[in-house]
Amino acid sequence: MKKIAILGSTGSIGTQTLDVVRQNSEELKVTALAAGHNVALLEKQIREFSPRIAAVADEADARDLRERTKDLELTVVSGMEGLLAVAKEEEAEILVTAIVGMMGIRPTIAAIEAGKDIALANKETLVTAGHIIMPLAKEKGVKILPVDSEHSAIFQSLQGEAGNEIEKILLTASGGPFRGKSYEELEHVTVEDALRHPNWSMGRKITVDSATMVNKGLEVMEAKWLFGVPLDKVCVVVHPQSILHSAVEFADGAVIGQMGVPDMRLPIIYALFYPKRKTLHAEKLDLFSVGTLTFEKPDMETFYGLALAYDAMRAGGNVPTVFNAANERAVAKFLDGKIRFLEIPEIISEAMTEVDYIAHPGLEEILSTEQATYEYIESRW
C-alpha cells in the first residue's frame, strides 16, 4: 500500500489523481489533502478517502471544515503552515504537488527534506527554484517524477537510456485555441475564446497559458532543470493532435517518444506507480482512428511569450521568477476583464526589464522578487 499526500486536491490534477486512487484503492492510500477555498468538495473527498490531515487556504475555511467534519478523526490546518503539514505528513511516501503558483515551493522543499518523493505538477517550483530543488533532491536521494504530460513523456522516453547523451528534447505543444492566428486576429480575443482549449481539460489559468503559449515556455524552463540539458537542446514542436506527448532525439538520430490519448491520468498513474505500469481504465489510443499526425514550427513572433521564456532562462538569476510572476498577475487581470489578451506578453516583457536583477537568488529572494513583480505590475496596470 503506497501512501500519498496531495496539494491541490480539488483542482484539475488533484481530482484526476484521486480518480487514479479510486481505481487502485487496494494499492494507494491518501493520508493528507490540501485545497484552497472549495471546502464543500474537500469535505466529500475527505469522507471518501479518509486522510489524517486536511489543509485549506485560511482559518475561516478551516473553521468551516472542522464543523463539517466534526464526526471524523481529522486534523484540519490552514495557510502555509497547513501546506507544510500536508507536505511532511509522516506516513506519506510521495507528495503530489498540484497547486498552481509559487506557493508550491516551500512545501516541495519541506517534503524533499522529509525524504518524500515528489510527483511534480507545479511548474513554478522548478521554473523559479530549479537551482535549489534539483540539487536538494539529489542530496536527499528523492525522486522528482514529472506529472505534466510532456515531461512525463520525456521521462518515459529516457527509461533504459542511462548514459546516452540527449541530442534534443522535442517538447510538443497543441498550439492552443489560436494556432495559426495572426497577431491582428488576436486583437479582440475574449476570455471565453481563450478558455476553449481544443484537446485538454485544465484549470482556467493554465488554459490561458496554453493560449498564449507561455505555458510551453514554462515547460521549456522546467525541462531544462528536470533533464539537465542546455536550453538550446529543448525544441518546441507544435503537434495539434496531442497524441505524441513529447520525444527525445539521441546522437544516432533515433527519436523515442511516448504516445497516448490526451488524458492527464496517464502521467499521474505512471508517477504514482513508477517504475511499474498499472492498468488505467480509460480510453486507449486507436491509431486507425487518429489517422494522421502533423508537426509544425511554433510561431514565436505572434506568440512571443514563448520567446520571452527562452530569454528569461538565458538571463538566469531571478528573471525566470519575474517571468512567472508577471504572467500569473497578467493572466489574473485578463480573466477579470481588466486587460486585453495581447497585453499578457507585453506585461511580462516590461517586468523582465524593469524588476531589479538578482544573479543568485535564494528562496527568500525568489519570494521577494515575486512580490516586487506584483507591485510593479499593479503600479503600471
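Because the structure is a prediction, the values reported are computed rather than measured.

## With respect to the pattern of salt bridges
So, point 1. Evaluation of the coordinates by the stated rule reveals 31 salt bridges.
So, point 2. D71 is the partner of R47 in a salt bridge, and the nearest nitrogen-oxygen pair spans 3.0 Å. In this pair, R47 sits in helix α2 (residues 39–49) while D71 sits in the loop between α3 (59–68) and β4 (75–78), placing the two residues 24 residues apart along the sequence.
So, point 3. Residue R47 is classed as partly exposed on the basis of its relative accessible area of 38%.
So, point 4. Owing to a relative accessible area of 54%, D71 belongs among the exposed residues under this scheme.
So, point 5. In this structure, the salt-bridge partner of E350 is R380, at a minimum N-O distance of 2.6 Å. On the criterion of sequence distance, the pair formed by E350 in helix α15 (residues 343–354) and R380 in helix α16 (residues 363–380) is long-range, its members being 30 residues apart.

## As for unusual backbone geometry
Trans peptide bonds make up most of the peptide bonds, and negative phi angles are found at most residues other than glycine.
So, point 1. Across the junction of Y274 and P275, the peptide omega takes the value 5°, indicating a cis bond.
So, point 2. Along the chain, P275 falls in the loop between α11 (265–273) and α12 (287–290).
So, point 3. Although it is not a glycine, S50 sits at a positive phi angle of roughly 55°.
So, point 4. Within the secondary structure, S50 sits in the loop between α2 and β3 (53–56).

## A look at the sheet that holds strand β7 (residues 144–146)
So, point 1. Across the sheet, 7 strands lie side by side as β4-β3-β2-β1-β5-β6-β7; this open sheet has parallel pairing. With one partner strand each, in any of the chains shown, β4 and β7 form the two edges of the open sheet. Recorded for the sheet is a direction-independent mean angle of 25° between the axes of neighbouring strands.

## With respect to the packing of aromatic side chains
So, point 1. One pass over the structure, following the stated rule, counts 5 aromatic pairs.
So, point 2. On the basis of an interplanar angle of 55° and a centroid distance of 5.1 Å, the ring pair of F155 and Y274 is categorised as tilted. Pair noted here: F155 is in helix α7 (residues 149–157) and Y274 is in the loop between α11 and α12, with a separation of 119 residues, a long-range link.
So, point 3. A ring pair is formed by F178 and F341, whose centres lie 5.2 Å apart and whose planes are at 75°; its orientation type is edge-to-face. Residue F178 is found in the loop between β8 (166–173) and α8 (191–194), and its partner F341 is found in the loop between α14 (319–335) and α15; the two are separated by 163 residues along the sequence. Of the two residues, F178 and F341, neither departs from the other in class, the shared state being buried.

## A word on the pairing of β4
So, point 1. Only one face of β4 is covered, namely the one carrying V76 and S78; the face carrying T75 and V77 has none of its residues buried.
So, point 2. Bridge count between β3 and β4: 4 bridges; the pairing is parallel. Across the sheet, I53 pairs through a bridge with T75, a residue of β4.
So, point 3. Following the chain from β3 across α3 to the adjacent parallel β4, one finds a crossover that is right-handed.

What counts, and where the lines are drawn
- Residues numbered from 1 in each chain as written.
- Predicted model: local features only at pLDDT ≥ 70, side-chain atom pairs only at ≥ 80, totals over all residues.
- Heavy atoms only, no water.
- Salt bridge = Lys/Arg side-chain N within 4 Å of Asp/Glu carboxyl O.
- Helix = DSSP H or I, 4+ residues; strand = E, 2+ residues; numbered from the N terminus.
- Buried < 20%, exposed > 50% of the residue type's maximum accessible area, 1.4 Å probe, protein only.
- Pairing = 2+ DSSP bridges.
- Axes fitted to C-alpha atoms, helices over the stretch in contact; angles between N-to-C directions.
- Phe/Tyr/Trp six-rings, centres within 6.5 Å; stacked < 30°, edge-to-face > 60°.
- Right-handed = clockwise from strand over helix to strand, strands pointing away.

On their own, these measurements won't tell you what the molecule is for.
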